[in-house]
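Reading the structure
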Amino acid sequence: MTESQNVRVRFAPSPTGPMHIGGLRTAIFNWLFARHHKGAFILRIEDTDQSRYKPEAEDLIYRALDWVGMDVDESPRDGGDYGPYRQSERLERYQQWATWLVENDKAYYDYTTSEELEQINEAKKKRGEPPGYDRRHRDITTEERAKLKAEGRPEVIRFKMPLTGNTEVEDMLRGKIDFDNSTLGDTVLLKSDGFPTYHLANVVDDHFMEISHILRANEWIASAPLHKQVYAAFGWQMPQIMHLPVLLNPNGKGKMSKRELQDDKGNVIPVLVHRYEELGYLPNAMMNFLTNIGWTFGEDQEVFSVEEAIERFDGTRVNPANSAFPIDKLRWFNGIYMREKTSVEELIEQFKPLLEKEGLPVDDEKLRIIVPAIQTRIETLNEFLDIAGFVFREDFEPAAAEEHIQKKMDAESTRRALQLAYDALQDMEFNAEAMEEPMRQLAKDNGLKVGQLFGTLRVATSAQKIAPPLFDTFVALGKDETLRRIEQSIAIMGAELPENAENQP
RNA sequence: GCCCCCAUCGUCUAGCGGUCCAGGACGCCGCCCUUUCAAGGCGGAAACACGGGUUCGAGUCCCGUUGGGGGCACCA
C-alpha cells in the first residue's frame, strides 16, 4: 500500500450479545493498523438482524474497546462525518442502492417462500447437489413477477451472480484467491423486511464511509467473491482486503466456543471480554497477549507496549493460519504485567474494590505491606484474595492441629515451638527485616530447623499452605493480631495432647 | 456432497532455497536460591504431517494425500 493513501478501517460488530474475545482481537488488529498508518479507526454497528438484536450489546462493545484502551475516531457514540454509524439508521440508502442494482439488471426480485426454499434444498440434497436457491425467479417476465407479487409473497432482492467465468479476490495475506462463478449462488441483498443483508450493507457502507482496508475474520473469505462482484456491479472500487486468522479452542478443535471453558489445570477460559475483566486480567496484558497471536513483533520479543506495537504493525507480518487459544500464555503475560508493568500503588488501587466486594476492611497500611510481598505470587488480580485475604479477615479461622505439625515434629514439639516464638515475639519490634535474624537464632538455639519453626508459624498466622513471606505477614497483621493467632494455635495444639500428657513418663 | 483457506516442538511462533543436525516464548522436567509458594538464575526433553516432484541444494517452490478451519441462510 502507498503511504500517501488515506487509511480508514472499521470494526463492524453486530450487537447480538456481549463482546467475544475473537471480536476484540479483530478490533485490535484494525486499530493497530489504523494507528500505524495514521489513519482512522471507525466503529460501525451492524444491527441489520432484528431478531438477534440486543440493546445492551452496543454498550458492551464500547466497554470492551475502552477497557483495552482503543480510542475510536468515528462511531455512533463519537460521531463523525460519515454517519450515521448504525446500519439500522441507513436503511433508505441500502434500499435505494438495491433498487439501483435491479434497475441496472445486476439484481432481481425473488418471491420464493422459506418453505419453498426448504423444499429446494431437500430435493438438491437427495440428488447429491450442493444446497442453495435455484434461481427460479432470476429471469421471469414482468407479468410473472406481477403475478407472484400479487399473491402476497415476500419480496427479496437477490444479486445476479455471473453464471460463468471466475472471480479473483486479492487477499493481502494470501495473494490471489480464485473462485469459479458457477459454484456461487444468487445471494439475498435486501430482505423482505426491508433490511439489507450483511453483503449489501457492508459494501454500501464501506464505499460511502471511504474505507480503504478491510481487516476481517477469515470466515468471510467465502463471501469475498460476492462482495467483489457487488462492487463491480456498482462500479465502485473495492477496498484492499485482509482476512485475519481466527481463534480456535485451546485444544485446537473448532472455533473458539461461545461457552466458557476450563483447561486441564482447572483454569477457567472465558470467551467474553467482560469476563476477563471480572476475573482480574489486566487490559494491557490482554492487549499484548492478543497482539501476539497471529502477529510477530520481531526479534524474538513478545513483551512490548502498545506504542511499540503501533510502531511496527503495518499488517505485513500477520500469519494467515488459525491458532488455538493459548490460555497459559495469557496467564503468564498477566503475571508479567502484574509484577513488572504495574506499580505497587496501582495494584493497591486495583485490590481495594475486591476487598470491598468481599466485605473486608480496606486497610491502606496493610495493603502497602502485603502487596509488594505478594506481587510475584499471583497471576491475576482476583488471586489477591486467595493468597492475602487472611490478612484482612477479622473472622480468621485457625487451621486444624495437624496442619501445624511440620516435618519430624509432633503436637507437643509444635506447641513448644509456637510458645517459644510467642514469648520471643512479645518484646520484639515488628519490622520484617529486623525480626528475621533473631527468629532464625531462636530456632537454632532450640534445636529446631528454620523451616520447622517458620512453617508452623506460617500455618498459625495464615492457616494457608501457601502464603506471603512470614515476616511481611506478621507486620501486616500487626503485633496484637499476630500474637493472638499464635496463642490460638498454641491452645489448639495443647488440646491435641493426651489429657495426662504432662504426667506421662 | 461441492467450494475456499491453512499446516514448524503439547501450545503461540521465527524461518521468506544454502548461514537450520531448525531459533524464541508459554507450558513441562531438573538444578540453584529459599520458612512455604512464587519470582529470578541456569540447564533439559520437545517440531519441519506424509508422499511425489523442481533444484547442485527444500522447512522454505509445485502437485497430491492426510489433517484442521471456514463457507454453501431473508445470521453476521
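Structure: above.
Everything numeric here is computed off the predicted structure, so don't read it as measured data.

1. Description of the overall build of chain A
Scanning chain A from N- to C-terminus turns up 20 helices and 13 strands. Against the globule reference of 23 Å for 505 residues, chain A gives a C-alpha radius of gyration of 32 Å, more extended than a compact globule. With respect to the principal axes defined by its C-alpha atoms, chain A has extents near 115 × 55 × 35 Å. Of all 505 residues assigned to chain A, the portion counted as buried reaches 50%. Look at the contacts in chain A between residues 6 or more apart in sequence, and 72% of them connect residues 24 or more apart. A total accessible area of about 24400 Å² is found for chain A, and carbon and sulfur atoms account for 47% of it.

2. Considering the protein's contact with RNA strand B
Lining the immediate surroundings of RNA strand B are 61 residues, of which G294, E302, T376, R377 and R440 lie closest. Each atom of RNA strand B within 4 Å of the protein was assigned to sugar, phosphate or base; sugar and phosphate come to 72%. Taking R317, its side chain carries an N or O atom lying 3.5 Å from a phosphate oxygen of RNA strand B. A distance of 2.7 Å is found between a phosphate oxygen of RNA strand B and a backbone nitrogen or oxygen belonging to A324. Those elements that provide at least two residues to the surface near RNA strand B are strand 4 (156–159), strand 6 (175–180), strand 13 (323–324), helix 11 (327–340) and helix 18 (450–462). A breakdown of the residues in the surface near RNA strand B according to their chemical character gives 24 nonpolar, 16 polar and 21 charged.

3. Focus on the side chain of S323
Tracing the backbone through its elements, the reader meets S323 in strand 13. Dropping the residues within four chain positions of it, S323 is found in contact with V246, L247, L248 and I293.

4. A short note on the nonpolar core
Core analysis: the largest hydrophobic core is formed by 75 residues, its most contacted members being L24, Y276, F325, F351 and F384. Ranked by residues supplied to this core, first place goes to helix 1 (residues 21–36) with nine residues. Discounting chain neighbours no more than four positions away, the residues touching Y276 are I21, W67, I269, P270, V271, Y281, M286, F325, I327 and L330. By size, the runner-up hydrophobic cluster in this structure holds 40 residues, among which are I157, F179, M209 and A224.

Reading the values: rules and limits
- Residues numbered from 1 in each chain as written.
- Chains lettered and ligands numbered in written order.
- Predicted model: local features only at pLDDT ≥ 70, side-chain atom pairs only at ≥ 80, totals over all residues.
- Heavy atoms only, no water.
- Helix = DSSP H or I, 4+ residues; strand = E, 2+ residues; numbered from the N terminus.
- Rg over C-alpha atoms; globule rule 2.2 N^0.38 Å.
- Buried < 20%, exposed > 50% of the residue type's maximum accessible area, 1.4 Å probe, protein only.
- Contact = heavy atoms within 4.5 Å.
- Areas by Shrake-Rupley, 256 points an atom, 1.4 Å probe, with all protein chains shown as cover.
- Near = heavy atom within 4 Å.
- Polar contact = N/O pair within 3.5 Å; in protein donor to acceptor, adjacent residues only side chain to side chain.
- Nonpolar A, V, L, I, M, F, W, Y, C, P; charged D, E, K, R; others polar.
- Core = buried A, V, L, I, M, F, W, Y, C linked by side-chain atoms within 4.5 Å.

Everything listed here is a matter of coordinates, which is why it stays silent on function.
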